[in-house]
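# Examining the three-dimensional arrangement
Letter by letter, the chains look like this.
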Amino acid sequence: MPSPVPRDPGLCARCHKDFRLLSRRYSCSRLCQGKVCHTCSVGMGKHGRCCLICYQQKHPQAT
Ligand SMILES: [Zn+2]
Ligand SMILES: [Zn+2]
């Protein structure tokens, strides 16, 4: 009997890394609600964390 395939494999929305291989996962809860890894998110202080996808849309100059 094959092992069940996870319904949500949990890939980072930006770099598509498997969260099972990563130690941390963050939700862009304020904007797109995407799940991103630590590398693909940026701290917004008291506003929590924002994924880089949204962050770069708001701050086109940022790298
Ligand atoms: Zn990532
Ligand atoms: Zn986002």
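Residues numbered from 1 in each chain as written. Chains lettered and ligands numbered in written order. Predicted model: local features only at pLDDT ≥ 70, side-chain atom pairs only at ≥ 80, totals over all residues. Heavy atoms only, no water.

As recorded by an unreviewed UniProt entry, the protein carries the name FYVE-type zinc finger domain-containing protein and is attributed to Chloebia gouldiae.

### Here we look at the coordination of the zinc ion (ligand 2)
The protein atoms donating to the zinc ion (ligand 2) are Cys-28 (SG), Cys-32 (SG), Cys-51 (SG) and Cys-54 (SG), with metal-donor distances spanning 2.3 to 2.4 Å. Taken together, the four donor atoms surrounding the zinc ion (ligand 2) define angles of 103 to 118° at the centre, an arrangement classified as tetrahedral. All donors to the zinc ion (ligand 2) come from one chain, and their sequence spacing reads C-x3-C-x18-C-x2-C. Here Cys-54 lies in helix H1 (residues 52–58) and Cys-28 lies in the loop between strand S1 (26–27) and strand S2 (35–36), a separation of 26 residues in the sequence. Here Cys-28 and Cys-54 have matching classes, each one buried. (Donors = N, O, S within 2.8 Å, 3.2 Å for Na, K, Ca; no water. Tetrahedral: all angles 85-135°; square planar, octahedral: opposite > 155°, others 65-115°. Helix = DSSP H or I, 4+ residues; strand = E, 2+ residues; numbered from the N terminus. Buried < 20%, exposed > 50% of the residue type's maximum accessible area, 1.4 Å probe, protein only.)

### Some points on the packing of aromatic side chains
Evaluation of the coordinates by the stated rule reveals zero aromatic pairs. In this arrangement the basic side chain of Arg-25 is found over the ring face of Phe-19, its NZ or CZ atom lying 5.4 Å from the centre. Positioned above the aromatic ring of Tyr-26, the side-chain terminus of Arg-49 is 4.6 Å from the ring centre. (Phe/Tyr/Trp six-rings, centres within 6.5 Å; stacked < 30°, edge-to-face > 60°. Lys NZ or Arg CZ within 6 Å of the ring centre and 35° of its normal.)

### Describing the coordination of the zinc ion (ligand 1)
Within the protein, Cys-12 (SG), Cys-15 (SG), Cys-37 (SG) and Cys-40 (SG) serve as the donor atoms for the zinc ion (ligand 1), at 2.2 to 2.3 Å. For the zinc ion (ligand 1), the four donor atoms in the first shell make angles of 102 to 118° at the metal, so the coordination geometry reads as tetrahedral. Taken in sequence order, the residues that donate to the zinc ion (ligand 1) follow the motif C-x2-C-x21-C-x2-C. Taken together, the residues span a long stretch of sequence, with Cys-12 in the segment before S1 and Cys-37 in the loop between S2 and strand S3 (41–43) at a distance of 25 residues. Residue Cys-12 is classed as buried on the basis of its relative accessible area of 1%.

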